[in-house]
Amino acid sequence: MDTRATDKSSDQHEFVDAVETWVEKELRPVARKFDLADEYPHEIVEQMKALGLFGATISEEYGGLGLSAWTYAQIVIKVASAWMAPSGIFNSHLIVASAIERSGTEEQKRKYLPRMASGEMRASIGLTEPNAGSDLQAIRTTAKLDGDEYVVNGSKMWITNSLHGQFTLLLVKTDPEAEPRHKGMSLLIAEKGPGYEVAKLKKMGYRSIDTCEINFDNYRVPKANLLGGVEGKGFVQTAGGLELGRINVAARGAGIAEGALKLSLRYAQERSAFGKPIWQHQAVQMKLADMVTQVEGAKRLIEQAARKYDRGERCDLEAAMAKLAGSEAGAFCAQEGMRIFGGYSYSVEYDIERYYRDAMLMCIGEGTNEILRQVIAKQLVERYRI
Ligand SMILES: Cc1cc2nc3c(=O)[nH]c(=O)nc-3n(C[C@H](O)[C@H](O)[C@H](O)COP(=O)(O)OP(=O)(O)OC[C@H]3O[C@@H](n4cnc5c(N)ncnc54)[C@H](O)[C@@H]3O)c2cc1C
């Protein structure tokens, strides 16, 4: 079933405005406090539930808002422009929801999607392992069928939302000997239970949100929780979510970039050196010009990819370019912002250092930018083969 929504109504624009108001009134003022304390923002999560963010892209049929990818990307940009971490709380969750909606059985959709849309149940996506990230087919976590249950052994690394979330969509090997390797891979809807141990990791950035290692020791999951009810489809089901996932990460990067630019613009007018505001120095002007050009360029690429996605067209090239541009814009603008703030960039009294700590993650997640450049080049040659 194609779950893509169109950007059909003015309701969607009103929703973006409502999110912007919430960001400025509720989120931005508390970001520094939660980030520096590395404390989970429970009150923010409750507000995100009330706004409907946990059901943003879930179809109305299953209790969500059914927003288009482009509307959703605009929301993510707004949230990340104030504080990127909370966008991760609903992003990973919605990647899982979209996988269940795309590939799950009707029973799985009815069981999980309405409770995910309300935020009552929140999900993480469990792909990466200590020894396998970019090369996902090298994962070692196994799931062996024993009667009506799978017995899972192995460990996952860097799994966001896995402490405060209720379940993870877990990539496992149901046939470790299969060739090609991806044919032995499956996704399980793994709710917490005995043998499912979560340990929170300490991170330099993307703080407050829970990113964890999960160890599975003879953990049992019902056979009914095999996504789509068929073994061997896990890798393809995971890849099916990459376009939307990359548009989302692109939007988070562009949000960081835009937020860093706004902070820098303000500071460059407030701070003086050599008898004039620093923005009047040509070196600072060049930074501001390069920053805004990257922000606007990334946003156009995100819109292009999201609108193509919403029309139901293949957009792997566009989504990869958007992810590359958005994440690199975030990293670039955060670093240029640090230079504009000079020594004060190192003070935790100013927000720019948080953008700097958060930005690089967008270059790593949802396919590293090295891998993304390969995807782009291969697609390019495929489309324009001589
Ligand atoms: C804070 C945080 C949150 C995360 N959240 C999640 C989550 O919720 N769920 C989840 O499953 N994962 C999550 N991840 C993991 C993330 O997706 C991986 O870190 C990422 O996919 C890269 O994998 P890796 O770290 O194993 O790096 P590696 O794959 O080991 O790569 C290391 C370096 O080698 C390069 N490289 C590898 N292969 C190639 C190649 N073929 N060609 C060129 N260069 C190559 C990479 O680009 C990179 O520069 C998270 C990571 C972090 C840091």
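Rules of the game
- Residues numbered from 1 in each chain as written.
- Predicted model: local features only at pLDDT ≥ 70, side-chain atom pairs only at ≥ 80, totals over all residues.
- Heavy atoms only, no water.
- Axes fitted to C-alpha atoms, helices over the stretch in contact; angles between N-to-C directions.
- Helix = DSSP H or I, 4+ residues; strand = E, 2+ residues; numbered from the N terminus.
- Left-handed = near helix turned anticlockwise from the far one by under 90°.
- Contact = heavy atoms within 4.5 Å.
- Nonpolar A, V, L, I, M, F, W, Y, C, P; charged D, E, K, R; others polar.
- Near = heavy atom within 4 Å.
- Polar contact = N/O pair within 3.5 Å; in protein donor to acceptor, adjacent residues only side chain to side chain.
- Areas by Shrake-Rupley, 256 points an atom, 1.4 Å probe, with all protein chains shown as cover.
- Phe/Tyr/Trp six-rings, centres within 6.5 Å; stacked < 30°, edge-to-face > 60°.
- Buried < 20%, exposed > 50% of the residue type's maximum accessible area, 1.4 Å probe, protein only.
- Core = buried A, V, L, I, M, F, W, Y, C linked by side-chain atoms within 4.5 Å.
- Parallel < 35°, antiparallel > 145°, perpendicular 65-115°, else oblique.
- Patch = residues over 30% accessible without salt bridge, like charges linked within 9 Å, V, L, I, M, F, W, Y side chains within 5 Å.
- Salt bridge = Lys/Arg side-chain N within 4 Å of Asp/Glu carboxyl O.
- Domains from an automatic or database assignment.
- Buried area = accessible area lost by both parts, 1.4 Å probe.
- Lys, Arg positive; Asp, Glu negative; His and termini not counted.
- Charge placed at Lys NZ, Arg CZ, Asp CG, Glu CD.

A separate point is the packing of helix α1 (residues 10-37) against helix α10 (residues 352-359). Where α1 meets α10, the axes come as close as 11 Å, and the angle between the chain directions of the two elements is 65°. The interaxial crossing formed by α1 with α10 has left-handed handedness. Here Arg 28, Ala 31, Arg 32, Asp 35 and Leu 36 of α1 come into contact with α10, specifically with Glu 353, Arg 354, Tyr 355 and Arg 357. Tallied by class, residues from the contact of α1 with α10 come to three nonpolar, no polar and six charged.

In this section: the site of the ligand. Near the ligand you find 17 residues, and of these Ile 125, Thr 128, Ser 134, Trp 158 and Thr 368 are the closest. In the model, a nitrogen atom of the ligand is placed 2.7 Å from a nitrogen or oxygen of the Thr 128 side chain. Contacts to the ligand include Thr 160, whose side-chain N or O atom sits 2.9 Å from a nitrogen atom. Contact with the protein chains covers 63% of the free accessible surface of the ligand, which is 980 Å². Elements supplying a minimum of two residues to the shell around the ligand: β3 (149-160), α11 (361-364) and α12 (369-383).

Moving on, we come to the packing of aromatic side chains. Counted under the stated rule, the structure contains ten aromatic pairs. Between Tyr 196 and Phe 216 the ring centres are 5.2 Å apart and the planes differ by 80°, which places this aromatic pair in the edge-to-face class. Placement of the pair is Tyr 196 in strand β6 (residues 196-200) and Phe 216 in strand β7 (residues 211-222), with a sequence separation of 20 residues. Here the two residues Tyr 196 and Phe 216 agree in accessibility, since each one is buried. Their ring planes at 55° and their centres at 5.5 Å tell us that Tyr 344 and Tyr 350 sit as a pair that is tilted. By way of ring pairs, the aromatic residues Tyr 267, Phe 341, Tyr 344 and Tyr 350 are connected into one cluster.

Membership of the largest hydrophobic core comes to 93 residues, with the highest contact counts inside it found for Trp 22, Met 48, Phe 90, Ile 100, Met 116, Phe 167 and Ile 302. Here this core takes twelve residues from helix α7 (residues 242-270), the largest share from any one element. Not counting residues up to four positions away in its chain, the partners in contact with Phe 90 are Met 48, Leu 53, Phe 54, Tyr 72, Val 76 and Val 79. Residues Ala 143, Ala 190, Tyr 196 and Val 221 belong to the second largest nonpolar core, which totals 14 residues.

On to the packing of α7 against α10. When two helices pack together, their arrangement is given by the angle between their axes and by how far apart the axes lie. Following both chains from N to C, one finds α7 and α10 inclined at 155°, their axes separated by 10 Å at the closest point. Between α7 and α10, the angle falls in the class roughly antiparallel. Here the hand of the crossing between α7 and α10 comes out left-handed. Contacts from Ile 256, Gly 259, Ala 260, Leu 263 and Ser 264 in α7 reach Ile 352, Tyr 355, Asp 358 and Ala 359 in α10.

Turning to a nonpolar patch on the surface, a few remarks are in order. Where nonpolar side chains cluster on the molecular surface, the patch consists of Leu 380, Val 381 and Tyr 384 and spans about 320 Å² of accessible area. By secondary structure assignment, the location of Tyr 384 is in the segment after α12.

Turning to the domain arrangement of the protein chain, a few remarks are in order. Assigned domains within the protein chain: domain 1 (10-122), domain 2 (125-231) and domain 3 (238-379). Taken over C-alpha atoms, the centre of domain 2 sits 31 Å from the centre of domain 3. Each partner contributes to the interface: domain 2 provides eight residues, whereas domain 3 provides seven residues. Interface area, domain 2 with domain 3, both sides summed: about 640 Å², of which 59% is carbon and sulfur. Counting every contact that joins domain 2 to domain 3 gives zero salt bridges.

Along the polypeptide, Lys 308 turns up in helix α8 (residues 282-310). Lys 308 has contacts with Glu 313, Arg 314, Cys 315, Glu 318 and Arg 383, leaving out every residue within four places of it along the chain.

Another aspect to go through is a negative patch on the surface. Among the surface-exposed residues, Asp 11, Glu 14, Asp 17 and Glu 60 lie close enough to one another that they form a single negatively charged patch. Its place among the elements puts Asp 11 in helix α1.

With an omega of -10°, the peptide bond between Glu 179 and Pro 180 qualifies as cis. The residue Pro 180 is located in the loop between β4 (167-173) and β5 (185-191) in this model. The backbone phi angle of Trp 158 is positive, close to 65°, even though this residue is not glycine. The phi dihedral of Phe 274 is positive, around 55°, even though this residue is not glycine. Of note, Phe 274 is situated in the loop between β8 (272-273) and β9 (276-277). Assessed through its relative accessible area of 80%, Phe 274 is described here as exposed.

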